[in-house]
Amino acid sequence: MEFKIDKDFHDTRLDKFIRKKYEGVNLGEIFKLIRKGNIKVNGKKQKQNYRLQEGDIVKIYYQTEGLSKKKEFIDLSENEKSSIKKTIVYEDDRVLILNKKPNIVMHKGSGHSYGLSEMLKSYTQNMNFTFVNRIDKATSGLIIGAKDLITVRELSEEIKNRNVGKYYYILVDGLAKQDEFQIVSYLKKTEERVVELDSYEEGSKESISYFSVVRRGEKRCILEAELGTGRTHQLRVQLAERGLPIHGDMKYGNKNSDAMHLFSHRVVIEKYGIDVNLDIPDYFLENL
């Protein structure tokens, strides 16, 4: 089998390209094939981390029949199509930004046959459509999708280098003592949850968040948070540990609402000149 690399796969690792083409082959087998020279680039052996260039010829000297799963779009109902259309808040030739509702999964798995990722691939009729950031099932708000692999790589690099601004509105149980504050701590994943540590431990990661009070009620307040880092459950854990659990957070707070009040309201992609900013949701104000 022979492939000529086009611009979509320029600068993609060799092993990732093969995995993309042949989902039926596990990574261990791909590494073995590359090492033994059963996969060559421009007639030469290359390492698994070789970065493919546009125009490269990749040849696979291997029986590939039956290993490549044909990818198919899921069937969307008219209601699902209409619902997706209503949640799109920004779109251009490269980027699509969606306002996700709470309690919707991003990807298939864990008892879900499909998630937003599979729905958007079908909606756009584009198998290369990829969300470059993700938010928890219970979290609502803005998520960024890329329509081609070049944009996926560019945006992923921007996010990695902390060049994409991500801001959240949060309704918390309790009143913050200061109008502005920041939290710097170390978070570590355990089997069931994320825990906050006083100092660095192996496996923990430094986590930075910036907060300001937007509105105050009698027993609750609405905060705006900017992420300095993007760790799993970062805002949820840091606030809960300071006596300000997010309203409706059943994992780190109290089961006092049908929805967790954590809303990704703004994303700023300076490289592309994109700044999308949504208002505080009505259900935040109703529960303040």
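Calculation notes
All residue numbers refer to positions counted from 1 along the written sequence of the respective chain. Totals for whole chains, interfaces and linings use every residue, but because this is a predicted model, local features are given only for residues with pLDDT of at least 70 and side-chain atom pairs only at 80 or more, for both listing and counting. Values reported for side chains reflect all heavy atoms of the structure, with hydrogen atoms and water molecules removed beforehand. Segments assigned H or I by DSSP are reported as helices when at least four residues long, segments assigned E as strands when at least two residues long, and all are numbered from the N terminus. Accessibility here uses a 1.4 Å probe with only protein chains present; expressed as a share of the type maximum, an area under 20% marks a residue as buried, one over 50% as exposed, and anything in between as partly exposed. The contact definition used throughout considers only heavy atoms, calling two residues in contact when any of these lie within 4.5 Å. Each axis is a line fitted through C-alpha atoms, taken for helices only over the stretch in contact, and angles between the N-to-C directions span 0 to 180 degrees. When an angle is under 35 degrees it counts as roughly parallel; over 145 it counts as roughly antiparallel; between 65 and 115 it counts as roughly perpendicular; any other value is oblique. Pairing of aromatic rings covers Phe, Tyr and Trp, the last through its six-membered ring, and needs centres within 6.5 Å; plane angles under 30 degrees mean stacked, over 60 mean edge-to-face, and all others mean tilted. Charge-over-ring contacts are defined here by two conditions on Lys NZ or Arg CZ: a distance within 6 Å of the ring centre and an angle within 35 degrees of the ring normal. Whether a crossing is left-handed or right-handed is set by the direction in which the near helix is turned from the far one by less than a right angle, anticlockwise for left-handed and clockwise for right-handed. Two strands qualify as a pair provided that DSSP identifies no fewer than 2 bridges between them. pLDDT expresses how confident the predictor is about each individual residue, on a scale running from 0 to 100.

Enquirer: Which residues make up the overall build of the protein chain, and what values do they have?
Expert: Secondary structure summary: the protein chain contains seven helices and 15 strands in total. In terms of principal-axis extent, the alpha carbons of the protein chain reach across some 70 × 50 × 40 Å. Within the protein chain, the fraction of its 288 residues that count as buried is 45%. Within the protein chain, residue pairs in contact and separated by at least 24 positions form 63% of the contacts whose partners lie at least 6 positions apart.

Enquirer: Tell me about the packing of helix α3 (residues 78-87) against helix α4 (residues 116-124), and please be specific about residues and values.
Expert: Running from N to C, α3 and α4 cross one another at 95 degrees; their axes reach a closest spacing of 11 Å. Taken together, the axes of α3 and α4 lie roughly perpendicular to each other. Between α3, through E80, K81, I84 and K85, and α4, the contact on the second element is made entirely by M119, L120 and Y123.

Enquirer: Tell me about the packing of aromatic side chains, and please be specific about residues and values.
Expert: By the definition in use, this model includes seven aromatic pairs. Between F9 and F17, the ring centres sit 5.1 Å apart and the planes meet at 85 degrees, which makes this aromatic pair edge-to-face. Side by side, F9 and F17 carry an identical accessibility label, which is buried. An aromatic cluster is defined as three or more aromatic residues linked by ring pairs; in this entry it consists of F3, F9 and F17. Sitting above the plane of the Y272 ring, R94 keeps its charged end 3.9 Å from the centroid. Above the ring of Y167, the side-chain terminus of R266 is found at 5.0 Å from the ring centroid.

Enquirer: Lay out the side chain of D249 in plain terms, naming residues and giving numbers.
Expert: Turning to its location among the elements, D249 is positioned in the loop between α6 (234-240) and β14 (262-269). Given the relative accessible area of 0%, D249 is considered buried. If sequence neighbours within four positions are ignored, D249 has contacts with R236, N254 and M260.

Enquirer: Requested: an account of the packing of helix α1 (residues 14-21) against helix α2 (residues 27-35), with residues and values cited.
Expert: For the pair α1 and α2, interaxial distance at closest approach is 10 Å and the crossing angle is 125 degrees. Taken together, the axis directions place α1 and α2 in an arrangement best described as oblique. Classified by chirality, the crossing of α2 by α1 is right-handed. Facing α1, whose interface residues are L14, D15, I18 and R19, α2 presents L27, I30, F31 and I34.

Enquirer: Hey, could you go over the sheet that holds strand β4 (residues 57-60) for me, with residue numbers and the actual values?
Expert: Overall, antiparallel pairing links the four strands, which are arranged β1-β4-β2-β3 in an open sheet. The two strands at the open ends of the sheet, each matched to only one other strand, are β1 (2-4) and β3 (44-45). In this fold α1 packs onto β1, β2 (39-41) and β4, with an angle of close to 60 degrees to the strand it touches most, β4.

Enquirer: Just give me the short version of the environment of V41, but keep the residues and values in it.
Expert: Tracing the backbone through its elements, the reader meets V41 in strand β2. On the basis of relative accessibility, which here comes to 1%, the residue V41 falls in the buried class. Between the C-alpha atoms of V41 and K59, which are 18 residues apart in sequence, the distance is 6.5 Å. Here V41 is in contact with L14, Q46, Y50, L52, D56, I57 and V58, once residues within four sequence places are set aside.

Enquirer: Run through the confidence of the model for the protein chain, naming residues and quoting values.
Expert: Averaged over all residues, the pLDDT of the protein chain is 89; the fraction at 70 or higher stands at 95%. Per-residue pLDDT, averaged within each element of the protein chain, yields its smallest value for α1 (84) and its largest for strand β15 (residues 274-277) (97).

Enquirer: If you had to explain unusual backbone geometry to someone new, which residues and values would you point to?
Expert: Backbone geometry at D11 places phi at a positive 75 degrees, although glycine is not the residue there. In this structure, N42 takes a positive phi of about 55 degrees despite not being glycine. With respect to the helices and strands, the residue N42 is situated in the loop between β2 and β3.

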